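# Report on the structure
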Amino acid sequence: MRPYLIHFAVLYTFLASFGVEIHALSPNYSACQLQQNAETSPLTGCPDGTLFVSPTDSRARFKTVQAAVESLPETGDAIILIGAGEYFEKVTVTRSAPLTLLGQLDPNTARDPAGNASQRNLVHIWYNLYVLSGITDQETSTLTVAPPSGQQSGNTDFKAYNINFENRAAKYSISQALAGSFMYANVSFYGCTFASWQDTWYTGVDAYSYAVDTIIYGQTDYLFGSGMAWFQNVILANRACGGGIVAWAGTEGTRNGAFIADSKIIRSPDANSTTVTDSRCYLGRPWNPLAIAVYLRTYMDESIHPNGFIHWSHQTSVPKTAYFAEYRSSGPGGSTSKRLSQEYILTDTQVNEKFSLESVFAGKPTWIDFEYVA
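Computed from a predicted model, the values in this text were never measured in an experiment.

## Looking at the side chain of glutamine 104
- The residue glutamine 104 is located in the loop between strand S5 (99-103) and helix H4 (113-118) in this model.
- With a relative accessible area of 7%, glutamine 104 lands in the buried category.
- A polar contact of 3.1 Å, which involves the side chain of glutamine 104, links it to the backbone nitrogen of alanine 84.
- Setting aside its immediate chain neighbours within four residues, glutamine 104 contacts Gln33, Gln35, Pro42, Phe52, Leu81, Ile82, Gly83, Ala84, Leu122 and Val123.

Here's what the structure looks like:
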């Protein structure tokens, strides 16, 4: 088994023993996602017009995901089924019309919770850029959903199911190396994985993002941005500790921030055995004075520092204008007794009134598939 597959298998096995349930099927698309036998069309069960991508299946119209994306018209809903395999490529989505990417699944394991936990996704999309002179953060990203440069109207409804997105620039924090970058778009992810070390996930200007049953690996500021991001039932896997898990820049007059709900923070099973993480990882730090980061009902392992949050580099304190908060944190790192004085420990009433998904997004977003979790 390839090294990258081994660490995912180890993680899923660990999560299964930890009592973490990972849903691997969408009720809307499972019939399309399940692999077919050689005599049956791979598009059996798929909505009409679905495109099929595979690096090895001769029946596929495209061998790369990007080629399929670029073939799409500017208007109309589109669905792309991605066959099992490794894809060494950058995927960039600039169209504004809705697009759904589906990762193929093995029918022998897709409905088996133990199978899901040990070998979930069959589609691995990866690239290996990191920030160097002349390369921006966003340009390193394996997956980008954003309009063309100079435009401010991106994808209105991008969805991805059961796909692993990785930046394999190095096996340590070499520099900023994004796995996902989203700007001027509505994006949502279901049963996916995002893996890097620094700046793994970016929800940027005028972007709204949602992830559920998703695993995100990183070390330094690996959830960062300035848009609105909600993470539901995700696993945040600390490969090492640096900066904070969240680094956000708020915007005056908005609630733009990172909201992590019903999730778990753990030391990643693929962390180097010599890497010390106990009480070394911070929940977040302010990218600007209006930063917002809120953890709701989240399990935190020994890696979390007792102070919770930390100030930005070269500063001495967290600005009073930043909003860092927790609600019912649990686990060895979940005690709030030594948290920074600037942090808010929320009450039931505050959470019920102000920190549901609907209140944060000012309504129930139509671009989120709420049927994914039964």
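## So, the state of the cysteines
- The tally for this structure, following the rule as stated, stands at two disulfides.
- Across the disulfide from cysteine 32 sits cysteine 46; the S-S distance is 2.0 Å. Looking down the S-S bond of the cysteine 32 and cysteine 46 bridge, the torsion is 85°, so its handedness is right-handed. One end of the pair, cysteine 32, is in helix H2 (residues 30-33); the other, cysteine 46, is in the loop between H2 and strand S1 (51-53), with 14 residues separating them in the sequence. Taken individually, cysteine 32 and cysteine 46 each receive the classification buried, so the pair is uniform in this respect.

## A word on the sheet that holds strand S14 (residues 208-212)
- In spatial order, the strands read S1-S2-S5-S8-S11-S14-S17-S20-S23-S25-S26; together these eleven strands make up an open sheet with parallel pairing. Looking at strand neighbours, the two that pair on one side only are S1 and strand S26 (344-345), the edges of this open sheet.
- Pairing geometry for strand S11 (residues 186-190) and S14, over five bridges, is parallel. Note that in S14 the partner of tyrosine 190 across the bridge is valine 212.

## Examining the nonpolar core
- By size, the foremost hydrophobic cluster in this structure holds 58 residues, and its most contacted members are Ile80, Phe158, Phe189, Phe231, Leu236 and Tyr295.
- Setting aside residues no more than four positions away along its own chain, isoleucine 80 makes contact with Thr50, Leu51, Val53, Ala68, Val69, Leu72, Leu99, Thr100, Leu101 and Leu102.
- Counting 30 residues, the second-largest nonpolar core is a separate cluster that includes Tyr190, Val212, Leu346 and Tyr372.

## Let's talk about the pattern of salt bridges
- One pass over the full model with this rule turns up ten salt bridges.
- The salt bridge partner of aspartate 57 is arginine 59, with a shortest N-O separation of 2.9 Å.
- Judged by its relative accessible area of 18%, aspartate 57 is buried.
- When its relative accessible area of 40% is taken as the criterion, arginine 59 is described as partly exposed.
- Across the pair aspartate 262 and arginine 297 runs a salt bridge, and its minimum N-O distance is 2.6 Å. Remark: arginine 297 occurs in the loop between strand S23 (292-296) and strand S24 (299-300) and aspartate 262 occurs in the loop between strand S20 (258-261) and strand S21 (264-267); sequence separation between them is 35 residues.
- Residue class for aspartate 262 comes out partly exposed when judged on its relative accessible area of 30%.
- Connected via shared salt-bridge partners are Glu86, Glu166 and Arg168.

## Topic: the packing of aromatic side chains
- Under the counting rule described, the total for this entry stands at 28 aromatic pairs.
- Centroid distance phenylalanine 165 to phenylalanine 194: 5.2 Å. Interplanar angle 25°. Geometry classified as stacked. Here phenylalanine 165 is found in strand S9 (residues 164-167), whereas its partner phenylalanine 194 is found in strand S12 (residues 193-195), with 29 residues between them in sequence. Across this residue pair, the class does not change: phenylalanine 165 and phenylalanine 194 are buried.
- Aromatic rings pair up to connect Phe158, Phe165, Phe182, Phe189, Phe194, Trp201 and Phe231 into one cluster.
- Directly above the aromatic system of tryptophan 312 lies the positively charged group of arginine 285, at a separation of 3.8 Å from the ring centroid.
- If you follow lysine 364 out to its NZ or CZ, it ends over the ring of phenylalanine 370, 4.8 Å from the centre.

Basis of the calculations
- Residues numbered from 1 in each chain as written.
- Predicted model: local features only at pLDDT ≥ 70, side-chain atom pairs only at ≥ 80, totals over all residues.
- Heavy atoms only, no water.
- Helix = DSSP H or I, 4+ residues; strand = E, 2+ residues; numbered from the N terminus.
- Buried < 20%, exposed > 50% of the residue type's maximum accessible area, 1.4 Å probe, protein only.
- Polar contact = N/O pair within 3.5 Å; in protein donor to acceptor, adjacent residues only side chain to side chain.
- Contact = heavy atoms within 4.5 Å.
- Disulfide = S-S within 2.5 Å.
- Pairing = 2+ DSSP bridges.
- Core = buried A, V, L, I, M, F, W, Y, C linked by side-chain atoms within 4.5 Å.
- Salt bridge = Lys/Arg side-chain N within 4 Å of Asp/Glu carboxyl O.
- Phe/Tyr/Trp six-rings, centres within 6.5 Å; stacked < 30°, edge-to-face > 60°.
- Lys NZ or Arg CZ within 6 Å of the ring centre and 35° of its normal.

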